[in-house]
There are 2 protein chains.
Amino acid sequence: MAIDKSEIVRKLVPVFRHYGYEGATLSRISKATELGRASLYHHFPAGKQGMAQAVLTYLGEWFDATILDPLQSDKEPVERLKAMSDSLNQFYNHGQDSCILSAFSWGEGHDLFHAQVQQALKTWVDRLTQVLIEADLSAALARQRAEDAVIQIQGALVLTRGLNSTAPFERILMQLPDELLKLA
Amino acid sequence: MAIDKSEIVRKLVPVFRHYGYEGATLSRISKATELGRASLYHHFPAGKQGMAQAVLTYLGEWFDATILDPLQSDKEPVERLKAMSDSLNQFYNHGQDSCILSAFSWGEGHDLFHAQVQQALKTWVDRLTQVLIEADLSAALARQRAEDAVIQIQGALVLTRGLNSTAPFERILMQLPDELLKLA
DNA sequence: GTCTATATAGGGATAGAC
DNA sequence: GTCTATCCCTATATAGAC
């Protein structure tokens, strides 16, 4: 019978997020999914790379639906940005879970997935830029602020894991909407 | 005869920075240093972990001497911060080289070096806080801005590698001094 | 201080029975 | 769809000659 594939992928996610691509060994994956090697290769004929791709796709869809699409709603810009902060806090578990885009930016993971990582980051910045333009910021300033937003989120994730405290991440998220919209 | 140990460590640095701890295999290390396995273990009896520790110590000393100590000079705060930006641009090669602190924050690297990573980040934030207090910011605001600075630098490194462009990193560094000192 | 050879474990991946 | 067994390769690490 057709098993719930996305159920497996959901169990794959934390392994790749925590260990990165090269650190996500078949042993760790097997343990986390409670599936033997043969089963894993049955579901993912492309092997480990296929599993990583499935994780990337799964999280990408979650991100699109939960973070990016609401940025295009018809609510006020400030409301859309607040909604993004709330969803990001969930998505990154208060900053305790790392971003797959940075987890895949080392060694072999970088070689394999750089194009997709780049595309995801660009899309995120583009969508944010659009919201800020709708809030009457100049195109140039909007793009700069959008970039700043992504920078602050990614940096806060690094600091939060490094300092072992969720405080920096949650503070950044809270300040973000007003800071992005403030007058130059 | 005593060989120049730090010469070897210098060659070790880019390997651990690029691949992280688990991705820095003996093969890659051997290739980068042009030393055979036996030679590597002769110089580093503690093996790979010892090599990683040597890299961490080496970069830590460079960072202390080049970034942190000048923050305590008797120049004007704004001048000290500008000097930090310049040195960081060198240290991270315009954002193209990653931070060893984030490279060691995955999997086994995290387990082994988290305490040292945490200490290094804390020290950096503390030193910056002190400079901002000397610039007449309140203690609370100074600490928050100091944290923001490290967040922005780390985030810009992520974005710069992800987008394959040095622009975000260099822009952040350029804006940093004035932004940290601006009135609330 | 570096070489060759080797030990032992674990890596990713596959075959065939069930 | 999962199991056991196995393949080949690479991982870290060490021993002993030179």
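Before reading on, note that the structure itself is shown above.
Since the structure is predicted, the reported quantities are computational estimates derived from the model, not experimental observations.

## Describing the overall build of chain A
Within chain A, the secondary structure is distributed over 9 helices and 0 strands. Listed by position from the N terminus, the elements making up chain A come as α-α-α-α-α-α-α-α-α. A compact globule built from 184 residues would reach a C-alpha radius of gyration of about 16 Å, and chain A, at 18 Å, matches this within 12%. Counting over 184 residues, chain A shows a buried share of 50%. Taking the contacts inside chain A whose residues are at least 6 apart along the sequence as the reference set, 66% of them involve residues at least 24 apart. When the accessible area of chain A is evaluated, it comes to approximately 8600 Å², of which 51% is carbon and sulfur surface. Separation between the mean location of the 18 positive side-chain charges and that of the 22 negative ones in chain A comes to 6 Å.

## Brief notes about the nonpolar core
Judged by nonpolar contacts, the single largest core of 115 residues is most densely connected at A:Phe16 and B:Phe16. Sequence-distant contacts of A:Phe16, that is, excluding residues within four places in its chain, are made with A:Tyr21, A:Ala24, A:Ile29, A:Lys48, A:Met51, A:Ala52, A:Val55, A:Ile100, A:Ala103 and A:Phe104.

## Concerning helix H5 (residues 77–91) of chain A
Residue and element names in this part refer to chain A. Spanning 15 residues, H5 covers 21 Å between terminal C-alpha atoms, matching the ideal 21 Å at 1.5 Å per step. The complete set of buried residues in H5 reads Pro77, Arg80, Leu81, Met84, Ser85, Ser87, Leu88, Asn89 and Phe91. As for H5, its buried residues are in contact with helix H1 (5–23), helix H4 (47–68), helix H7 (107–134), helix H8 (139–163) and helix H9 (167–181). Positive backbone phi, approximately 50°, marks asparagine 93, located one or two places after H5.

## Observations regarding the interface of chain B and chain A
Counting residues at the interface gives 39 residues for chain B, matched by 39 residues for chain A. One can count 6 salt bridges joining chain B with chain A. With a closest N to O distance of 3.0 Å, B:Asp148 and A:Arg171 form a salt bridge. Our count for the chain B to chain A interface comes out at 16 residue pairs in polar contact (both at pLDDT 80 or more). Listing elements by their share of the side of chain B that touches chain A, those giving two or more residues are helix H1 (5–23), helix H6 (100–103), helix H7 (107–134), helix H8 (139–163) and helix H9 (167–181) of chain B. Class assignment for the residues of the side of chain B that touches chain A results in 14 nonpolar, 17 polar and 8 charged.

Rules used throughout
- Residues numbered from 1 in each chain as written.
- Chains lettered and ligands numbered in written order.
- Predicted model: local features only at pLDDT ≥ 70, side-chain atom pairs only at ≥ 80, totals over all residues.
- Heavy atoms only, no water.
- Helix = DSSP H or I, 4+ residues; strand = E, 2+ residues; numbered from the N terminus.
- Rg over C-alpha atoms; globule rule 2.2 N^0.38 Å.
- Buried < 20%, exposed > 50% of the residue type's maximum accessible area, 1.4 Å probe, protein only.
- Contact = heavy atoms within 4.5 Å.
- Areas by Shrake-Rupley, 256 points an atom, 1.4 Å probe, with all protein chains shown as cover.
- Lys, Arg positive; Asp, Glu negative; His and termini not counted.
- Charge placed at Lys NZ, Arg CZ, Asp CG, Glu CD.
- Core = buried A, V, L, I, M, F, W, Y, C linked by side-chain atoms within 4.5 Å.
- Expected span 1.5 Å × (residues − 1).
- Salt bridge = Lys/Arg side-chain N within 4 Å of Asp/Glu carboxyl O.
- Polar contact = N/O pair within 3.5 Å; in protein donor to acceptor, adjacent residues only side chain to side chain.
- Nonpolar A, V, L, I, M, F, W, Y, C, P; charged D, E, K, R; others polar.

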